[in-house]
Amino acid sequence: SPEAAFTTPPKAPKRTPDSFDSQEHRNAFAYVMVVKNATSHDTYRAFLEALHTYQKNGREDLAGLVRRVADLFRDHADLLRDFEHFLPFDEEDRDGAAKEALRGAVAAAEESAVGRSGKKKR
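Report on the accompanying structure.

Oppositely charged side chains may form a pair once their charged atoms are brought near each other. The final tally for this structure, using the stated rule, is five salt bridges. The closest approach of N and O atoms between Asp71 and Arg74, which form a salt bridge, is 3.1 Å. Among the salt bridges present, the one from Glu110 reaches Arg81, with a minimum N-O distance of 2.5 Å. Of this pair, Glu110 sits in helix 7 (residues 97–117) while Arg81 sits in helix 5 (residues 77–83), and the two are 29 residues apart along the sequence. Arg81 gets classed as partly exposed once you look at its relative accessible area, which sits at 28%.

What follows is the structure in structure tokens.
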């Protein structure tokens with residue numbers, strides 16, 4: 001009957017590992033918020049654009065994404081270190097170039113921090 005259609009609650013959507021409620025997505029969102037708060041508006045927008053371009057291009061150039069983000073975060077070793085947790089090295093970095101580029105960028109940012117403050121930044 002037409003009345004039954006209004007009294008039956010809709011079924012909740014099934015939760016999947018890819019749902020936005022996953023811990024992985026919550027962690028990624030939290031990281032993006034840290035980036036937003038730790039960088040300038042222009043740097044934050046460029047970071048989001050880099051991620052968008054990487055996704056739009058079929059996730060083909062992980063090393064290119066790492067180089068772009070390393071340049072944006074060259075004064076933020078902590079952001080670079082944390083960025084590693086979100087990268088699909090196992091699936092998309094068979095030759096290790098992206099991981100090596102990120103580790104080099106972290107080391108350079110740490111060296112830069114030492115030069116600016118006289119002590120190592122953690």
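Moving on, we come to the side chain of Thr43. Among the secondary structure elements, Thr43 is positioned in helix 3 (residues 41–56). Assessed through its relative accessible area of 18%, Thr43 is described here as buried. Setting aside chain neighbours within four positions, we find Thr43 in contact with Leu72 and Phe73.

Below, the discussion takes up the packing of aromatic side chains. Across all of its chains, the model carries five aromatic pairs by this definition. Plain terms: the ring middles of Tyr31 and Phe83 are 6.2 Å apart, the flat faces sit at 25 degrees to each other, and that makes the pair stacked. One end of the pair, Tyr31, is in helix 2 (residues 23–38); the other, Phe83, is in helix 5, and 52 residues separate them in sequence. Both residues of the pair, Tyr31 and Phe83, count as buried. For the ring pair Tyr31 and Phe86, a centre distance of 5.1 Å and an interplane angle of 35 degrees mean the geometry is tilted. Taken together, the residues span a long stretch of sequence, with Tyr31 in helix 2 and Phe86 in the loop between helix 5 and helix 6 (89–92) at a distance of 55 residues. Here Tyr31 falls in the buried class, since its relative accessible area comes to 6%. Residue class for Phe86 comes out partly exposed when judged on its relative accessible area of 32%.

A few words on the nonpolar core. Counting 27 residues, the largest nonpolar core has Phe47, Leu65, Phe73, Leu80, Phe83 and Leu87 as the members making the most contacts within it. Element by element, the count of residues in this core is highest for helix 4 (residues 62–72), at seven residues. If we ignore the near neighbours within four places in the chain, the residues touching Leu80 are Val69, Ala70, Phe73, Leu102, Ala105, Val106 and Ala109.

Our focus in this paragraph is the environment of Asp95. Its location among the elements puts Asp95 in the loop between helix 6 and helix 7. Polar side-chain contacts of Asp95 include one of 3.0 Å to the backbone nitrogen of Ala97.

Moving on, we come to unusual backbone geometry. In this model, Arg59 sits at a positive phi of 55 degrees, which is unusual for a non-glycine residue. By the element assignment, Arg59 lies in the loop between helix 3 and helix 4. Residue classification places Arg59 among the partly exposed positions, given a relative accessible area of 36%.

Rules behind the numbers
- Throughout this description, residue numbers start from 1 for each chain and increase along the sequence as written.
- Local features in a predicted model are, by the rule used here, given only for residues with pLDDT of at least 70; side-chain atom pairs are given and counted only at 80 or more, and totals for whole chains, interfaces and linings are based on all residues.
- Hydrogens and water molecules were not included; the side-chain quantities draw on all heavy atoms of the structure.
- Just to be clear on terms, a salt bridge is a Lys or Arg side-chain nitrogen sitting within 4 Å of an Asp or Glu carboxyl oxygen.
- Labels follow the DSSP assignment, with helices taken as runs of H or I lasting at least four residues and strands as runs of E lasting at least two, numbered in each case from the N terminus.
- For each residue, the accessible area found with a 1.4 Å probe, counting protein chains only, is set against the maximum for its type, and the residue is called buried under 20%, exposed over 50%, and partly exposed in between.
- Working rule for contacts: check all heavy atoms of both residues, and any pair within 4.5 Å makes them a contact.
- The criterion for an aromatic pair is that two Phe, Tyr or Trp rings (for Trp, the six-membered ring) have centres within 6.5 Å, with stacked assigned to planes under 30 degrees apart, edge-to-face to planes over 60 apart and tilted to the rest.
- For the purposes of this section, nonpolar cores are sets of buried Ala, Val, Leu, Ile, Met, Phe, Trp, Tyr and Cys residues that join through side-chain atoms within 4.5 Å.
- Throughout this description, a polar contact denotes any pair of N or O atoms lying within 3.5 Å of each other; where both atoms belong to protein, one of them has to be capable of donating a hydrogen while the other can accept it, and for residues adjacent in sequence the pair is counted only when both atoms sit in side chains.

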